[in-house]
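# Observations on the model geometry
Chain residues, written in single-letter form:
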Amino acid sequence: MEEEQSRRPAGEPAAEPGPAPEPECKNEDRVEDPEDPASTAGNGNSISSLEQPLLKRSTTLTASHLAIVGAKVSHIESLDYEIIENDLFKHDWRSRSNVEVLQYIFLKWAMAFLVGLLTGVIASVINLAIENITGLKMLHMVNLVRSGRYWAGFLYFAGVNLALTFSAAVLCVVFAPTAAGPGIPEIKAYLNGVDTPNMFGAPQLIVKIIGSIGAVSSGMDLGKEGPLVHIGACLANLLSQGGEGRWRLRWRWLRYFNNDRDRRDLITCGASSGVCAAFRAPVGGVLFALEEVATWWRSALLWRTFFSTATVVVVLRGFIEVCRDGRCGMFGEGGLILFDVSDVTVRYHVGDLLPVTLVGVLGGVLGALYNHVLHQVLRLYNLINAKGRMAKLALALSVSLLTSAGLYLLPFAVPCTPCSAAGAAGETCPTVGKSGNFKQFNCPDGFYNDLASLLHATNTDATRNIFSTGTSGEFRLDSLLIFLAIYSVLGLVTFGIAVPSGLFLPIILMGSAYGRIVALVLSNFVRIDHGLYAVLGAAALMSGSMRMTVSLCVIFLELTNNLLLLPITMFVLLIAKTVGDAFNPSIYEIILDLKGLPFLEPKPETWMKDLAVGELAAAKPRAVTLQVVERVSTVVEVLRATPHNGFPVLDRPRPGVSELHGLVLRQHLMAVIRKRWFLPEKRRTEEWEAREKFSSTDLAEKVGGGVDELSQLSLEEMDMYIDLHPFTNTTPYTVVETMSVAKAVVLFRTCALRHMLIIPKFQGLEISPIVGILTRQDLRAHNILGAFPHLANKRKVH
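None of the values given here were measured: they were computed from a predicted structure.

### Remarks on the overall build of the protein
- Per the secondary structure count, the protein includes 28 helices and 15 strands.
- Taken across its 798 residues, the protein has 59% of its residues classed as buried.
- Sequence-distant contacts, at least 24 apart, represent 79% of the contacts inside the protein between residues at least 6 apart.
- Surface exposure of the protein reaches about 31,000 Å², of which carbon and sulfur atoms provide 61%.

### With respect to the packing of aromatic side chains
- Summed over the entire model, instances satisfying the criterion amount to 18 aromatic pairs.
- On the basis of an interplanar angle of 20° and a centroid distance of 6.2 Å, the ring pair of phenylalanine 89 and tryptophan 93 is categorised as stacked. Here the residue phenylalanine 89 and the residue tryptophan 93 both occupy positions in helix 1 (residues 87–95), the gap between them amounting to four residues, near one helical turn.
- Using a relative accessible area of 53% as the deciding quantity, one classes tryptophan 93 as exposed.
- A ring pair is formed by phenylalanine 438 and tyrosine 448, whose centres lie 5.0 Å apart and whose planes are at 75°; its orientation type is edge-to-face.

### A short note on the state of the cysteines
- Counted under the stated rule, the structure contains two disulfides.
- Disulfide partner of cysteine 416: cysteine 443, at an S-S distance of 2.0 Å. Because the torsion about its S-S bond is -95°, the bridge between cysteine 416 and cysteine 443 counts as left-handed. Taken together, the residues span a long stretch of sequence, with cysteine 416 in the loop between helix 11 (389–409) and strand 6 (417–418) and cysteine 443 in the loop between strand 6 and strand 7 (447–448) at a distance of 27 residues.
- In this model, cysteine 419 is linked to cysteine 429 through a disulfide, with the two sulfur atoms separated by 2.2 Å. Because the torsion about its S-S bond is -85°, the bridge between cysteine 419 and cysteine 429 counts as left-handed. Residue cysteine 419 is found in the loop between strand 6 and strand 7, and its partner cysteine 429 is found in the loop between strand 6 and strand 7; the two are separated by ten residues along the sequence.
- We classify cysteine 429 as partly exposed; its relative accessible area is 22%.

### A closer look at the pattern of salt bridges
- Under the counting rule described, the total for this entry stands at 21 salt bridges.
- Ionic pairing is found between aspartate 80 and arginine 754, a salt bridge with its closest N-O pair at 2.9 Å. Here aspartate 80, found in the loop between strand 4 (77–78) and helix 1, pairs with arginine 754, found in the loop between helix 26 (741–750) and strand 14 (756–759); they are 674 residues apart in sequence, far enough to count as distant. This pair shows no difference in class: aspartate 80 is buried, exactly as arginine 754 is.
- For the salt bridge of arginine 684 with aspartate 651, the shortest nitrogen-to-oxygen distance reads 3.8 Å. With arginine 684 in the loop between helix 22 (666–674) and helix 23 (687–693) and aspartate 651 in strand 10 (residues 646–654), this pair connects stretches of sequence that are 33 residues apart.
- Exposure remark for aspartate 651: the relative accessible area of 22% places this residue in the partly exposed category.
- Salt bridges linked by common partners bring Arg264, Asp265, Arg298 and Arg304 together as one network.

### Regarding the sheet that holds strand 10
- Strands sit in the order 8-10-11 across an open sheet of three strands; the sheet is mixed. In the strand order of this sheet, the two ends are held by strand 8 (626–627) and strand 11 (657–665), each with one partner.
- Sheet topology places strand 10 next to strand 11; seven bridges connect them, and they run antiparallel. Bridging from a neighbouring strand, arginine 654 pairs with valine 657 of strand 11.

### Quick look at the UniProt feature "transmembrane region" (unreviewed entry) in the protein
- Taking the UniProt record as the reference, the feature "transmembrane region" (unreviewed entry) is found at residues 104–130, 150–176, 266–289, 301–320, 353–370, 390–410, 480–498 and 563–580.
- Taken end to end, residues 301–320 has its terminal C-alpha atoms 29 Å apart, with 100% of it in helix and 0% in strand.

### Focus on a nonpolar patch on the surface
- A cluster of nonpolar side chains, Val101, Leu102, Ile105, Trp109, Phe113, Leu114, Trp303 and Phe307, forms an exposed patch at the surface whose accessible area comes to about 740 Å².
- Mapped by element, the contributors of at least two residues to the nonpolar patch are helix 2 (98–146) and helix 9 (299–322).
- At six residues, the largest contribution of residues to the nonpolar patch is made by helix 2.
- Along the chain, phenylalanine 307 falls in helix 9.
- For phenylalanine 307, a relative accessible area of 30% puts it in the partly exposed group.

### Points about helix 11
- A rise of 1.5 Å per residue sets the reference length of helix 11, with its 21 residues, at 30 Å; its end C-alpha atoms lie 30 Å apart and thus fit the reference within 8%.
- All of the buried residues along helix 11 are Ala391, Lys392, Leu393, Leu395, Ala396, Val399, Ser400, Thr403, Ser404, Gly406, Leu407 and Tyr408.
- Each element contacted by the buried residues of helix 11 is listed here: helix 2, helix 3 (150–175), helix 10 (353–385), helix 12 (450–455) and helix 14 (477–494).

### Side note on the pairing of strand 11
- Counting buried positions over the nine residues of strand 11 gives seven, a clear majority of the element.
- Between strand 10 and the antiparallel strand that follows it, strand 11, lie two residues; glycine 656 among them carries a positive phi value of about 85°.

### Here we look at the environment of arginine 754
- Judged by its relative accessible area of 7%, arginine 754 falls in the buried class.
- A distance of 3.5 Å separates a polar atom in the side chain of arginine 754 from the backbone oxygen of serine 78.
- Among the polar contacts made by the side chain of arginine 754, one reaches the side chain of aspartate 80 at a distance of 2.9 Å.

### Looking at the sheet that holds strand 15 (residues 772–774)
- Read from one edge of the open sheet, three strands run 13-14-15, paired in mixed fashion. The open sheet is flanked by strand 13 (734–736) and strand 15, the only strands paired with a single partner. If you compare each strand with its neighbour and ignore which way they point, the axes differ by 35° on average.
- The sheet contact formed by strand 14 and strand 15 spans three bridges and is antiparallel. In the sheet register, methionine 756 faces strand 15, and the bridge partner there is leucine 774.

### Comments concerning the environment of valine 286
- Tracing the sequence through the fold places valine 286 in helix 8 (residues 282–293).
- In sequence terms valine 286 and threonine 305 are 19 residues apart; their C-alpha atoms lie 6.1 Å from each other.
- In contact with valine 286, other than residues within four places in its own chain, are Ser272, Trp297, Leu302, Thr305, Phe306 and Thr309.

### Some remarks on the pairing of strand 2 (residues 66–69)
- The alternating pattern of strand 2 places Leu66 and Ile68 on one face and Ala67 and Val69 on the opposite face, and all of these are buried.
- Of the strand pairs in this sheet, strand 2 and strand 3 (residues 72–75) are connected by four bridges, and their pairing is antiparallel. Within strand 3, the position partnered with alanine 67 by the bridge is serine 74.

### Structural notes on the nonpolar core
- The biggest cluster of nonpolar side chains holds 153 residues, and the ones touching the most others in it are Phe279, Phe483, Phe504 and Met546.
- At twelve residues, the largest contribution of residues to this core is made by helix 2.
- Every residue in contact with phenylalanine 483, bar those within four places of it in the chain, is listed here: Leu451, Leu454, Leu455, Ile466, Leu509 and Ala513.
- In this structure, Leu626, Phe678, Ala690 and Leu724 belong to the second largest nonpolar core, which totals 31 residues.

### Some remarks on empty space enclosed by the protein
- Evaluation of the coordinates by the stated rule reveals six cavities of 30 Å³ or more.
- Estimates place the volume of the largest cavity at around 80 Å³.
- Along its surface, the largest cavity is lined by Ile130, Thr134, Met138, Val216, Gly219, Leu407, Leu455, Ala457, Thr458, Asn459 and Tyr487.
- The residue makeup of the lining of the largest cavity, split by class, is seven nonpolar, four polar and no charged.

### Some words on helix 13 (residues 459–467)
- Of all nine residues in helix 13, eight are buried, a share of seventy percent or more.
- For helix 13, the set of buried residues is Asn459, Thr460, Asp461, Ala462, Thr463, Asn465, Ile466 and Phe467.
- Buried residues belonging to helix 13 abut helix 2, helix 12, helix 14, helix 15 (504–521) and helix 16 (530–546).

### A few points about the confidence of the model for the protein
- In this model, the protein carries an average pLDDT of 84, and 88% of its residues clear a pLDDT of 70 or more.
- The low-confidence segment residues 1–48, where pLDDT is below 50, has 149 contacts with residues more than four positions distant or belonging to other chains.

Cut-offs applied
- Residues numbered from 1 in each chain as written.
- Predicted model: local features only at pLDDT ≥ 70, side-chain atom pairs only at ≥ 80, totals over all residues.
- Heavy atoms only, no water.
- Helix = DSSP H or I, 4+ residues; strand = E, 2+ residues; numbered from the N terminus.
- Buried < 20%, exposed > 50% of the residue type's maximum accessible area, 1.4 Å probe, protein only.
- Contact = heavy atoms within 4.5 Å.
- Areas by Shrake-Rupley, 256 points an atom, 1.4 Å probe, with all protein chains shown as cover.
- Phe/Tyr/Trp six-rings, centres within 6.5 Å; stacked < 30°, edge-to-face > 60°.
- Disulfide = S-S within 2.5 Å.
- Salt bridge = Lys/Arg side-chain N within 4 Å of Asp/Glu carboxyl O.
- Pairing = 2+ DSSP bridges.
- UniProt positions renumbered as here; feature names shortened; annotations may be inferred.
- Patch = residues over 30% accessible without salt bridge, like charges linked within 9 Å, V, L, I, M, F, W, Y side chains within 5 Å.
- Expected span 1.5 Å × (residues − 1).
- Polar contact = N/O pair within 3.5 Å; in protein donor to acceptor, adjacent residues only side chain to side chain.
- Axes fitted to C-alpha atoms, helices over the stretch in contact; angles between N-to-C directions.
- Core = buried A, V, L, I, M, F, W, Y, C linked by side-chain atoms within 4.5 Å.
- 1 Å grid on protein atoms, 1.4 Å probe; cavity = no way out; pocket = protein on both sides within 12 Å on 5 of 7 lines; lining within 4 Å.
- Points joined across faces, edges and corners; volume = space filled by probe spheres on them.
- Nonpolar A, V, L, I, M, F, W, Y, C, P; charged D, E, K, R; others polar.
- pLDDT = per-residue confidence, 0-100.

Pasting the structure below:
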């Protein structure tokens, strides 16, 4: 996220770079670590209250470039999704042979296939590991309870859970802090154009896989769905770049992916594959990427994401066939299919509209309440995590101990239920062994513990149990209320600790519980199966919290495998989203704001129509511009004095007349200096001269290094010249200074821009061809209100 300036008269020399940047922006590579006692939470002042912002915001138009990524407060940058149409790119595009074009097309489809294949394999391995670890843990614990050794059972249960949590937390805290949490907010930000550092590397992938197995197997109230989305994105990034660091492959074909644009498309495929692997919902995965995470979309990307998710489904189906009948230990169809009611006939009546509407309204209200409370919990956790690694580990282990105590002790608080009340034909009651709806736990033969059937199972088995049809009398009302209460509390305190965690499964379990509660309370008015009410409750709460509709509807349709549920599911989702929107934003938007990630929303504020982009430019420092042929010392001075990543390039075809030639990127200027491509005299070079040293793929490569390299230049080199025209994007997006900010925001987001040039409405002699330059930070609502306080009153009116 770069600061840019706004205005510089055409007659001023380019050697004058304008005002110095703010102190925190002088070193873009600097990263503040909250674990360091000398470091602070943003701008030098520690946070002492939950009412204070986690990141201090500037009161000027150009705000700080800081965001919380993982466990650190880091400087972040925007991504270059725009095609840089300079002379080198145009030549490379024209000179590509048909074979090279076919290579590029084949490689994109091959990468999409590999992303789907590897995501499916990893998801199956994670499911297999979780099912076996959790199954063995539960069997030994139940055997101790059945033998009357209650304290031994608790100590064993809590001890195993603590060990699993400790392994997951240590990996996150020590090796990859950014692997904690679901990773979906950071993926949303990345696909929106924000480069979130250290999010998609090999350490994050490995820690996410192992950490997910440990965290979910420990019985904590979290799911593997969010981490699977992050795993898919990590795979996509590593495949497109051939790895990372010194282990990176330098395969010639991979040069096609040395740009942010193609990498973004492949990460979109990875996110879709992760959702598909979590729910076995290929169409739902594509729509999730379209509705929830992706900002940029086109038809070709739609086909490739669908190809990736189709590959995932084939892999998952293969694992189901291989592991059928218990050939993979505890793993069978568990962990993949949540709820299949293809054989259930669903009929609606007019009287069903009232309880179904109530389910939707409650979903919206409870989802908004969940978002609000979770927001406060995450703010508190930020204060705890800022105290260092030991505090993070202690918090994770404390939550694990609380979870173990709740899951183990609460089933003793409910009475045993006779199997005759279950009303489920064809299923053994009580269940003895690996899985089933009717857990015996501490009950005698012929009785089962309905609360233990939900708490002493994997999240997937618990979901299947509470979703089961034909079991209206299986769960007691008090057991469901206890289940809803404990999972609500655990869901709030678990999300945010230093382990990989997802929100999907906890919200599904909470929603299904209150859906069955509504069905039981209104049993005289309810004609739809109680298990289907659990499905509707889960969908409503997810919509009320995450504010998804279309993708969520298709995911539940693919989970249930019953088209008859489609109309009533759509009805509930729309009600829940409408009610939730009346209270607060979605949970992912709240997390994005909490982390300080500059996410551009699709809809601009209404008051932005009353402000012109020229007024924004006037509220900023002057724009730093360069000439087409510029002295090396001038370029070095500009790079040293400013952290900006784009510079307008002006041409002077005749005295007194300036024209906008285009925009040159900082990384291209650094590439020229790094290769010492200097001219002894001031002249325009021929086309072939630049092509001898550079190619468009070379310039797309992001190489580390900064202003330190500039000090290595000699005095003779500093007195030489650089011809910028081969590297200048001659077709940047420009807007006239009278355009409204609302229209500029839509254009900026739709075209996935990093820089937007503002040109004057009137052209003429002695009039600068560039009014200013806008970036992502300049178009964010809170930044604009900081520079134009009078607009805050209009915001309240609207």
